[in-house]
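Breakdown of the fold
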There are 2 protein chains.
Amino acid sequence: MSRVECRLDGMSLRHALLGLLSERPASGYDLLKLFETSLATAWPATQSQIYTELTKLAGTGLITVAAEGPRGRKEYALTDEGLAELRHWLIETKPQRNTRSDILLRVFFLGVLTPEQAHGYLAELIELSDQGYQSLRRLEESVDWDDGGLSVYGRIALEYGLRFNAMRREWAEWAAGQIT
Amino acid sequence: MSRVECRLDGMSLRHALLGLLSERPASGYDLLKLFETSLATAWPATQSQIYTELTKLAGTGLITVAAEGPRGRKEYALTDEGLAELRHWLIETKPQRNTRSDILLRVFFLGVLTPEQAHGYLAELIELSDQGYQSLRRLEESVDWDDGGLSVYGRIALEYGLRFNAMRREWAEWAAGQIT
DNA sequence: AGTCTACATTCCACTCTTGACATGTCATTA
DNA sequence: TAATGACATGTCAAGAGTGGAATGTAGACT
């Protein structure tokens, strides 16, 4: 009740799991698959990370083991406390952390390469952006957009990815033109 | 010479430092300031991280203490080995790591909020993007673009930031329209 | 009956990153 | 001369994230 929880800024993985469980109960394995498909672009996570965090979340009562299945399968479900925590995370305006981009970081130092090599790097970026764009288009076609609550906002997140890749491609083309 | 260096994927901070030192020698303090200004958008780093990494880099011979100054100031300079490592990092096509974005992650779960609250979140994003854009515009005006090698590619990186923030603003406005 | 694939979890060792704490010096200016 | 602010470095604990190894079960197909 009156526990003093010194909530830190990070812990987005925790909230990603709560968010996915807010839709429907799922096992660690299910969640891993969901991360690989829907959340991969926003917040990639590995198997070991997910299972570790699930154990912690169950320990603090934000989720519970709702059912046990065939192969030692544990199906987790969100508790009321967990939903409250998820809402808190979404509403309480946590100043969002700066994103890191090693792609952009490299750009700063392209001056140590020859112009040809720099062009090569930008060409790679263009290809990468194209691939990202195409892969999202394929995802768009394969997903059933009449699904759950994730579908509305999942579609919005996907649009972000499309626009981002398009933007990056155009920028890289422009940048290539800037290098004599 | 024939050391077998099992280079891992990450360690971008290391290369960010090598990159900055490729321009001119600098102290930890100088580098901290450079991170705050030029590299802040691409790869934020804290003081403790920078000093720790500088010590490590000096230990492995990628940089050296070129001079000592007034207040225990140690001026580091890139060695030939360090330059080689920087070039290696830039050229050897390391598949770039996925970026994490808690901003985008939240979007997936806006369904647990009311439409009004979701609109509120998107409005925050619009404001954030505007602020980012304006702040980069101000940086653009304050920087001497006839400076060193960083200026050409620094300008290109800055353009990336401008386009990114503009894209995100437009996307958030579009997204707000998608929510009934 | 044997084999293969998908399902399913746990543990470990390591690096990266953050945020705070701790310490001290030089130059300016009030 | 005393205070202040910019300069300058170092250390530590804890959380976040990576990558791999180890283990085993259920179902489907041959």
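Residue indices begin from 1 for each chain and proceed along its sequence in written order. Throughout, the order in which chains and ligands are written sets their labels, letters from A for the former and numbers from 1 for the latter. It should be noted that, the model being predicted, local features are given only for residues of pLDDT at least 70 and side-chain atom pairs only at 80 or more, the latter also being counted only at that level, while totals for whole chains, interfaces and linings use all residues. By convention in this description, side-chain values take in all heavy atoms of the structure and omit both hydrogens and water.

Structural notes on the overall build of chain A
Numbering goes from the N terminus for both helices and strands, where a helix is a DSSP run of H or I of at least four residues and a strand is a run of E of at least two. The helix and strand inventory of chain A stands at 7 helices and 2 strands. The order of helices and strands in chain A, counted from the N terminus, is α-α-α-β-β-α-α-α-α. The C-alpha atoms of chain A give 20 Å as radius of gyration, which overshoots the globular expectation for 180 residues (16 Å, by more than 25%). Taking the principal axes of its C-alpha atoms as reference, chain A extends roughly 65 × 40 × 30 Å. Counting the 180 residues in chain A, one finds 44% classified as buried. Atoms counted for the radius of gyration: C-alpha only. Globule rule: 2.2 Å times the number of residues to the power 0.38. The buried label goes to any residue with under 20% of its type's maximum accessible area, the exposed label to any with over 50%, and the partly exposed label to all in between, with areas taken from a 1.4 Å probe on protein chains only.

Describing the nonpolar core
Of all hydrophobic cores here, the largest spans 97 residues; its most connected members are F35 and F109 of chain A together with F35 and F109 of chain B. It is helix α7 (residues 149–178) of chain A that provides the largest number of residues to this core, a total of 11 residues. We call two residues contacting when some pair of their heavy atoms lies within 4.5 Å. Not counting residues up to four positions away in its chain, the partners in contact with F35 of chain A are L13, A16, L17, L20, A40, W43, A45 and I50 of chain A. Each nonpolar core is a collection of buried residues, namely Ala, Val, Leu, Ile, Met, Phe, Trp, Tyr and Cys, held together in the definition by side-chain atoms within 4.5 Å.

Some details on the pattern of salt bridges
All names here are of chain A. In what follows, salt bridge is the name for a side-chain nitrogen of Lys or Arg lying within 4 Å of a carboxyl oxygen of Asp or Glu. Evaluation of the coordinates by the stated rule reveals 24 salt bridges over all chains. When the shortest N-O distance is used, the salt bridge between E53 and R14 registers 3.0 Å. Here the residue E53 occupies a position in helix α3 (residues 47–60), and R14 occupies one in helix α1 (residues 12–21), the gap between them amounting to 39 residues. As far as burial versus exposure is concerned, E53 and R14 are alike and both buried. Put simply, E75 and R73 hold a salt bridge, and the shortest N to O gap is 3.1 Å. The partly exposed category is assigned to E75, whose relative accessible area is 23%.

Structural notes on the protein's contact with DNA strand C
The criterion for a residue being near a molecule or strand is simple. One of its heavy atoms has to lie within 4 Å of it. The local shell around DNA strand C holds 21 residues, among which Y51 and R73 of chain A together with M11, S48 and Q49 of chain B are the closest. Here, DNA strand C places atoms within 4 Å of the protein, and 68% of those atoms are sugar or phosphate. Counted as a polar contact is a pair of N or O atoms within 3.5 Å, where, for protein atoms, one must be capable of donating a hydrogen and the other of accepting one, and residues adjacent in sequence contribute only when both atoms are in side chains. Between R100 of chain A and DNA strand C, the recorded distance is 2.9 Å, taken from a side-chain N or O atom to a phosphate oxygen. Put simply, the parts of the chain that give the surface near DNA strand C at least two residues each are α2 (28–39) and α3 of chain A together with α3 (47–60) of chain B. For the surface near DNA strand C, the element with the most residues is α3 of chain B, which contributes 4 residues. Classification used: nonpolar for Ala, Val, Leu, Ile, Met, Phe, Trp, Tyr, Cys and Pro, charged for Asp, Glu, Lys and Arg, polar for all others including Gly. A per-class count over the surface near DNA strand C returns 5 nonpolar, 9 polar and 7 charged.

Quick word on the pairing of strand β2 (residues 74–78) of chain B
Residue and element names in this part refer to chain B. For two strands to be treated as a pair, DSSP must find at least two bridges joining them. Sheet topology note: the strand β1 (residues 63–68)/β2 ladder contains 5 bridges and is antiparallel. When the bridges of β2 are listed, A67 appears paired with E75. Where β1 folds back onto β2 in an antiparallel hairpin, the turn is made up of 5 residues, including G72, whose phi is positive at roughly 70°.

Some words on the protein's contact with DNA strand D
Neighbouring DNA strand D are 20 residues, the closest being M11 and S48 of chain A together with Y29, Y51 and K74 of chain B. The contact in question runs from a phosphate oxygen of DNA strand D to an N or O atom on the side chain of Y51 of chain B, over 2.6 Å. Of all the secondary-structure elements, those providing two or more residues to the surface near DNA strand D are α3 of chain A together with α2 (28–39) and α3 of chain B. Class assignment for the residues of the surface near DNA strand D results in 6 nonpolar, 9 polar and 5 charged.

Thoughts on the interface of chain A and chain B
At the junction of the two partners, chain A supplies 62 residues and chain B supplies 62 residues. The junction of chain A with chain B conceals about 6,400 Å² of combined surface from both sides, 70% of it contributed by carbon and sulfur atoms. As a working definition, buried area equals the accessible area (1.4 Å probe) given up by two parts on being put together, with both sides summed. Of all residues in chain A, F108, Y153 and Y160 of chain A bury the most surface against chain B, accounting for 13% of the area lost on that side. Seen at the junction of chain A and chain B, the total is 0 salt bridges. Scanning the region where chain A abuts chain B turns up 10 residue pairs in polar contact (both at pLDDT 80 or more). Of all the elements in the fold, those that place two or more residues in the side of chain A that touches chain B are α1, α2, α4 (80–91), α5 (102–108), α6 (115–142) and α7 of chain A. By residue number, the principal contributor to the side of chain A that touches chain B is α7 of chain A, which donates 17 residues. For the side of chain A that touches chain B, the class distribution of residues is 35 nonpolar, 15 polar and 12 charged.

What about the packing of α2 of chain A against α3 of chain A?
All names here are of chain A. For helices, the fitted axis covers only the stretch in contact; all axes are lines through C-alpha atoms, and the angles between them, taken along N-to-C directions, range from 0 to 180 degrees. Running from N to C, α2 and α3 cross one another at 130°; their axes reach a closest spacing of 10 Å. Regarding the angle of α2 to α3, the classification is oblique. At the point where α2 passes α3, the crossing takes the right-handed sense. Residues G28, Y29, L31, L32 and F35 of α2 form the contact with α3, whose participating residues are Q47, I50, Y51 and L54. Partitioned by chemical class, the residues of the contact of α2 with α3 number 7 nonpolar, 2 polar and no charged. Angle categories are assigned with fixed cut-offs, so that under 35 degrees is roughly parallel, over 145 is roughly antiparallel, 65 to 115 is roughly perpendicular, and the rest are oblique. With the far helix as reference, a near helix turned anticlockwise by less than a right angle produces a left-handed crossing, and one turned clockwise produces a right-handed crossing.

Describing the confidence of the model for chain A
All names here are of chain A. Chain-level pLDDT for chain A is 89 on average; 92% of the residues reach the 70-or-more range. Looking over chain A, one finds the lowest element-wise mean pLDDT in α2, namely 92, and the highest in strand β2 (residues 74–78), namely 96. Here residues 1–8 is modelled with pLDDT under 50, and outside its nearest four sequence neighbours on either side it reaches 4 contacts, counting other chains as well. You can read pLDDT as the predictor saying how much it trusts each residue, on a scale of 0 to 100.

A look at the relation of the copies chain A and chain B
With an axial shift of 0.0 Å and an RMSD of 0.1 Å, the rotation relating chain A to chain B amounts to 180°. With respect to symmetry, the two chain copies, as superposed, fit the operation of a two-fold axis. Residue by residue, 100% of the interface of chain A is reproduced at the interface of chain B, so both copies engage with the same surface. Least-squares superposition aligns the copies on the C-alpha atoms of those residues with pLDDT at or above 70 in both.

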